[in-house]
Amino acid sequence: MRRYRVILLLVVALVGGAIALAITKSPTLGLDLQGGLEVVLEAQPPPGQEITTQDLDRSIEIMRSRVDKLGVAEPEIRKQGKNQIVIELAGVHDQARAADIIGKTAQLEFYDLEGDLVPPSISGQGFPVARNALYPVLKAVQDDAKKGTPSAWYLYGKDKRLLGGPEPTKQAILDQLPDGKAPAGSEFLAVPANRIILSCSSDSAVVCPGLNGAPAPGTTYYYLFRHLPTREPNPVPEMTGDDLKLRGTRQDFDQTNQPIVVMQFTDQGADTFHDITRELAVRGKTQTQILASPDPLLQHFAIVLDNEIRSWPSIDYNQYPDGIAGNSAQITGLASVQEAQDLALVLQTGALPVRFEQVDRTDISATLGQDSLRQALIAAIGGLIAVAVFLLLFYRFLGLIAIAGLAIYGVLLYGALLLFNVTLTLPGFAGLILTIGVAADANIVIFERIKEEVRNGRSVRAAIPTGYQKGFKTIIDANVVTMITAFVLFAVATAGVKGFALMLLIGTAMSMFTAVAATRALLGLLSGFRWFDNPAFMGASAMKIPRWQRIDFIGRRKYWFAVSGAVVLISIVSLGWQGLNLGIDFKGGSQVAFQTKEPVTVDRVRQQASEVIPGSAVVQGRGSETDGRFSSFQIRTESLTPDDQAVLQRTLQNGLNVDSYSIQNVSGSFSSQILRSAILAIVVSLLLIVAYISIRFQWKFAIPVLVALVHDIVITLGIYSLTQREMTTSTIAAVLTILGFSIYDTIIIFDRIRENIPLMRRSSFAAIANQSLWETIRRSLATTFITLLPVISLLIFGGDTLKDFAFALLVGILSGAYSTIFIATPLLTIIKEREPEYAARTGENEPVEKLLDPEPGAAIAAAAAAPARRSLSRRDRRRAGTATTPDTVGNGAAALESDVVEETYPVEDAEPAAADQAPGDDDVQDVSAGDVPRAADPAARREERRKRRRTRPHGRAR
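Residues numbered from 1 in each chain as written. Predicted model: local features only at pLDDT ≥ 70, side-chain atom pairs only at ≥ 80, totals over all residues. Heavy atoms only, no water.

**Student:** Explain the overall build of the protein chain to me, using residue names and the numbers behind them.
**Tutor:** In terms of helices and strands, the protein chain carries 29 helices and 25 strands. Within the protein chain, the proportion of its 958 residues that are buried is 53%. Long-range contacts, defined here as pairs at least 24 residues apart, represent 77% of the contacts in the protein chain between residues at least 6 apart. In the structure as shown, the protein chain presents an accessible area of about 41,600 Å², 56% of it carried by carbon and sulfur atoms. (Helix = DSSP H or I, 4+ residues; strand = E, 2+ residues; numbered from the N terminus. Buried < 20%, exposed > 50% of the residue type's maximum accessible area, 1.4 Å probe, protein only. Contact = heavy atoms within 4.5 Å. Areas by Shrake-Rupley, 256 points an atom, 1.4 Å probe, with all protein chains shown as cover.)

**Student:** Residues and numbers for the pattern of salt bridges, please.
**Tutor:** The tally for this structure, following the rule as stated, stands at 16 salt bridges. Among the ionic pairs, E187 bridges to K139, the shortest N-O distance being 3.2 Å. Taken as a pair, E187 in strand β8 (residues 187-191) and K139 in helix α6 (residues 134-139) lie far apart in primary sequence, 48 residues in all. A residue is classified by how much of its surface remains accessible, and K139, at 43% relative accessible area, is partly exposed. A salt bridge links K832 to E835; the nearest nitrogen and oxygen atoms lie 3.1 Å apart. Among the residues examined, K832 registers a relative accessible area of 5% and is labelled buried. (Salt bridge = Lys/Arg side-chain N within 4 Å of Asp/Glu carboxyl O.)

**Student:** I'd like a rundown of the sheet that holds β8, residues and numbers included.
**Tutor:** The sheet built from 3 strands is open, its strands ordered β7-β6-β8 with antiparallel pairing. Edge positions in the open sheet fall to β7 (162-167) and β8, since each of these has one partner strand only. On average, each strand axis in the sheet is tilted by 15° relative to the strand beside it, whichever way the strands run. (Pairing = 2+ DSSP bridges. Axes fitted to C-alpha atoms, helices over the stretch in contact; angles between N-to-C directions.)

**Student:** Give a detailed account of the state of the cysteines, specifying residues and quantitative values.
**Tutor:** One pass over the full model with this rule turns up 1 disulfide. A sulfur-sulfur distance of 2.3 Å marks the disulfide that ties C200 to C208. Taking the torsion about the S-S bond as the criterion, the C200 to C208 disulfide, at about -85°, is left-handed. For the pair shown, C200 and C208 are each scored as buried. (Disulfide = S-S within 2.5 Å.)

**Student:** Outline the sheet that holds strand β23 (residues 629-637), supporting the account with residue identities and numerical values.
**Tutor:** With antiparallel pairing, 8 strands are arranged side by side in an open sheet as β3-β4-β2-β18-β24-β21-β23-β22. Strands with a single pairing partner mark the edges of an open sheet, and in this sheet they are β3 (76-80) and β22 (618-622). Between one strand and the next, the sheet's axes are offset by a mean angle of 20°, whatever the strand orientation. Bridge count for β22 against β23 is 5 bridges, and the pairing is antiparallel. Bridging across to β23, R622 finds its partner in S632. Packed onto the sheet, helix α17 (residues 602-609) meets β21 (589-601), β22 and β23 and runs at close to 130° relative to β21.

**Student:** Go over a nonpolar patch on the surface, please, and point to the residues and values.
**Tutor:** Taken together, the side chains of I381, I385, V389, L393 and F394 define a hydrophobic patch exposed on the protein surface, amounting to about 520 Å² of accessible area. Looking at where V389 falls in the secondary structure, it is placed in helix α11 (residues 366-419). (Patch = residues over 30% accessible without salt bridge, like charges linked within 9 Å, V, L, I, M, F, W, Y side chains within 5 Å.)

**Student:** Which residues make up the side chain of Q771, and what values do they have?
**Tutor:** With respect to the helices and strands, the residue Q771 is situated in helix α22 (residues 765-797). Judged by its relative accessible area of 3%, Q771 is buried. Among the polar contacts listed, one links the side chain of Q771 to the side chain of E775, at a separation of 2.9 Å. (Polar contact = N/O pair within 3.5 Å; in protein donor to acceptor, adjacent residues only side chain to side chain.)

**Student:** Got a sec to walk through the packing of helix α12 (residues 426-455) against α22? Specific residues and values, please.
**Tutor:** Close contact between α12 and α22 brings their axes to 9 Å; oriented N to C, the two are set at 160°. The angle between α12 and α22 places the two elements in the roughly antiparallel class. Both α12 and α22 take part in a crossing whose hand is right-handed. Tallied by class, residues from the contact of α12 with α22 come to 11 nonpolar, 3 polar and 9 charged. (Parallel < 35°, antiparallel > 145°, perpendicular 65-115°, else oblique. Left-handed = near helix turned anticlockwise from the far one by under 90°. Nonpolar A, V, L, I, M, F, W, Y, C, P; charged D, E, K, R; others polar.)

**Student:** Before we move on, can you summarise helix α15 (residues 557-577) with the specific residues and values?
**Tutor:** With 21 residues, α15 should cover 30 Å at 1.5 Å per step; its first-to-last C-alpha distance of 30 Å lies within 8% of that length. Every buried residue of α15 is accounted for by W560, S564, V568, S571 and S574. Mapping the buried residues of α15 onto a view down its axis gives an arc of 120°, with all of them on the same face. When the buried face of α15 is taken as reference, the exposed residues oriented beyond 90 degrees from it are K558, Y559, L569, G576 and W577. Where α15 ends, the next residue or the one after it, G579, has phi of about 65°, a positive value. (Expected span 1.5 Å × (residues − 1). Arc of directions from axis to C-beta.)

**Student:** Run through helix α9 (residues 267-291), naming residues and quoting values.
**Tutor:** With 25 residues, α9 should cover 36 Å at 1.5 Å per step; its first-to-last C-alpha distance of 37 Å lies within 8% of that length. Every buried residue of α9 is accounted for by G269, A270, F273, H274, I276, T277, L280, A281, G284, Q287 and T288. Turning to α9, the residues buried within the fold contact β5 (108-112), β11 (239-240), β13 (259-265), β14 (299-305), β16 (314-315) and β17 (328-331).

**Student:** Please provide a residue-by-residue account of the environment of L680, values included.
**Tutor:** With respect to the helices, strands and loops of the structure, L680 is situated in helix α19 (residues 668-696). Classification of L680 by relative accessible area gives partly exposed; the value is 47%. Between the C-alpha atom of L680 and that of L489, which follows or precedes it by 191 residues, the distance is 9.8 Å.

**Student:** Go over the nonpolar core with me, naming the residues and quoting the values.
**Tutor:** Counting 125 residues, the largest nonpolar core has L391, I450, L523, I693, F750 and I753 as the members making the most contacts within it. Sorting elements by how many residues they give to this core places α11 first, with 19 residues. Leave out the neighbours within four places in its chain, and L391 touches R396, G399, A402, I403, L406, A440, I444 and I786. L108, M239, F273 and A340 belong to the second-largest nonpolar core, a separate cluster that totals 24 residues. (Core = buried A, V, L, I, M, F, W, Y, C linked by side-chain atoms within 4.5 Å.)

**Student:** An account of unusual backbone geometry is needed here, citing residue identities and associated values.
**Tutor:** Cis geometry marks the peptide bond from P119 to P120; its omega dihedral reads 10°. Along the chain, P120 falls in the loop between α5 (113-116) and α6. Residue G165 is joined to P166 through a cis peptide bond whose omega torsion reads 5°. Positionally, P166 belongs in strand β7. Positive phi values are uncommon outside glycine, yet K160 reaches one of about 65°. Along the chain, K160 turns up in the loop between β6 (152-156) and β7. One non-glycine residue, N194, lies in positive phi territory at about 60°.

**Student:** Please provide a residue-by-residue account of the confidence of the model for the protein chain, values included.
**Tutor:** Here the protein chain averages 75 in pLDDT, while 78% of its residues score no lower than 70. Element-level pLDDT for the protein chain is lowest in helix α28 (residues 914-917), with a mean of 37, against a maximum mean of 93 in β8. Residue range residues 843-936 is modelled with pLDDT below 50. Its contacts to residues more than four positions away, or to other chains, number 185 contacts. (pLDDT = per-residue confidence, 0-100.)

**Student:** Which residues make up the packing of aromatic side chains, and what values do they have?
**Tutor:** With the rule as written, the count across this model stands at 14 aromatic pairs. Measuring from ring centre to ring centre gives 5.6 Å for F594 and F633, while their planes differ by 20°; the resulting arrangement is stacked. Of this pair, F594 sits in strand β21 while F633 sits in strand β23, and the two are 39 residues apart along the sequence. Of the two residues, F594 and F633, both sit in the buried class. With centroids separated by 4.8 Å and ring planes inclined at 35°, the aromatic side chains of Y818 and F822 adopt a geometry described as tilted. You can see Y818 and its partner F822 sitting in helix α23 (residues 800-832), 4 residues apart, about one turn around the helix. Given a relative accessible area of 24%, Y818 falls into the partly exposed group. Aromatic ring contacts, followed pair by pair, group F110, F265, F273 and F301 into a single cluster. Its end group placed over the ring of F807, R725 keeps NZ or CZ at 4.1 Å from the ring centre. (Phe/Tyr/Trp six-rings, centres within 6.5 Å; stacked < 30°, edge-to-face > 60°. Lys NZ or Arg CZ within 6 Å of the ring centre and 35° of its normal.)

Have a look at this one:
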């Protein structure tokens, strides 16, 4: 009793600490619950070089510095894989600007504009020529591109629309296409060796070079430059950002109050800048004289940031005939203060050591995040209420104890999230809801064990420690397997799914603690009260096994295999015929989800979207429909550029009055990486589960487990194929979770088989398996049902993402419950019956109907415990109400086959067991599994003796 009081005091202290922490601190919500931006950047190494760890670490430092200057609270920046960086900015409102700044490589370069331009981007008189399309610029230099190794490749469709590039090789472009092949009618165009394409946007410069009038808004112009960065002593570009002092570079204003950027040079940079500007001044004066121009023909110094001309100031040879000397210079001609601040910000934080390409981007508005949070909370509350009602109805007072344990579990789990500052994402919330079922499962396993012990004649007080002792191994095995799959998922999954895996890991560990510590202490403390020792009060009164439960599961295995074979065959045919409806996570592209304030038709949305994206885009209305109108929509199309994403968002907001908005853009290469990671996760999980089962049980037990898991995965994927529901990373997370939950019930049954094998020494393995199924089927079905309750809550109340996740779980858990009983256990029987030990017993048993006693608490329980009674003292046997010969063996129905005699006699005058007298349980001696209770009354005992005499003629059992 003292031990339980100490444990409860510790639990109360932990709960109090968690409540205090909850009062003073709020949880950290991910961007999908409060809106924000997630960007995945992939490093692109220069030709012939590799990305190093130092490159990524330096890049993370620079990006973190940029994000800090943006004023984003609690940003998350981390490495992913060997060459990727994930940036999550929860709560940021201007996602487009943030994405543009954090990913800029900041390759600041200074070109001699007129001196470095080459045809067709410069005229015969030495003036820049602007082209508003890249295709004609490339087409004009294809003959030159054949001389040497091209510096870059582009792919254009037959409609002259850019399909890919720039990339260093053709293959790099093909790798990003959905099927890895160039479309019919497309053509590759190359940039000649030692050349580079630079662009100029009318939105980032006052007037682009080569334009006589005002540029068209939103137009980009292209130029072909020389590019000789490694050539000494005359490299092109002539200067880079390495010649700048970062500390002295800043945004400022000139004398006319126009925004400028002040650049501070290093000593070497100042000398180089002076030499170049002097050359420009001399050339400008010479050209003016040769052409006899009435106006000075000034030469320009192009300032290029990430291959984009941001400014091209002129060098006035009258003002600076010898060039610009000194350690500083100014960038003028900037369009706005915002542009000057952004440019200064990039320059202040330094240049990234390598170029990065955006392979995945997700933008979520704050209103959509709030809606997702509300739906997740409703689903969590619904799941918790459903589980509590189930526990109360089926376990009565034990259910109240379990509900108290769930409340403790919920408070401690929330406290752990706050203590370790875990970022709570939408998939993480799904994991949290799912762990409600995990926590309840542990209680069910133990409660069913306690009820078994009570039905077998133990007092409630004595049944509690025995039930915990017998159920603990099962809980450990089942939860370890769940944690294996969660750990693998956390190790290989993308950022969103990692949140689910982390919550599943934490929740599973926490559920084990509450089940074996908090709930155990509550029961142990209450067992000291006399009113507590009431089997009916516990829902553990004697009961007959129902007729449906007496099925010969093993004998009818051919029927079960036929049903499974048919379903698996249908699934395989569907997978081969129409495949899976892969989302953008696996095939790349852009997916836009938004909600309108008023319902609109799909045609109107398609019309608005067609102004920005091609007609091949798929527009779908989602959710409830009213007269052909929807308030929630999804658009799936080819990958959109950041500019296209921004234009599409503005178009939808202005044309459709969009309230909530999110967009995800995944490149083809990144989607291939996700697919490989998903397959790897499934394979690794299967191997680890097989290894664990082989260690904890026997390697032959692992074979049916593996077959059952593959059976469940194939059926789940087959149903997804038949229904053509979208397959996303959340679906893969659900499939991996199915592995853990599918094996949960299997372990419950296999654990009982392992326990019955030494007790039923004369029985065939089929009889052992059937007996184990009869004894545990209620428990395994209860754990399945209580796991489904929160899943159904997710399916009903969750948002679109949670519903897709819950649907996969629903299918997989139902398939897992079936495969445990009808596939794994019969298959284990087939394997074990081939062993010589069991092959000799096959066919020696009586029909199943004769082996099943309608009162399992009497004869079956008595025979089941016989071997363990060899070590009992006479006093212990008197407590149990039986006396046996030392050689008694057998279990359950198998006792009918025993070759020894077991005598049972009443001990009505025996003193009551100490366990029934003591006020506490500290002095109670646990009655082992082998203890056999007396029958409930003398008449039942006499009937039991008559049954035994009829089954052993001549003193021996048949």
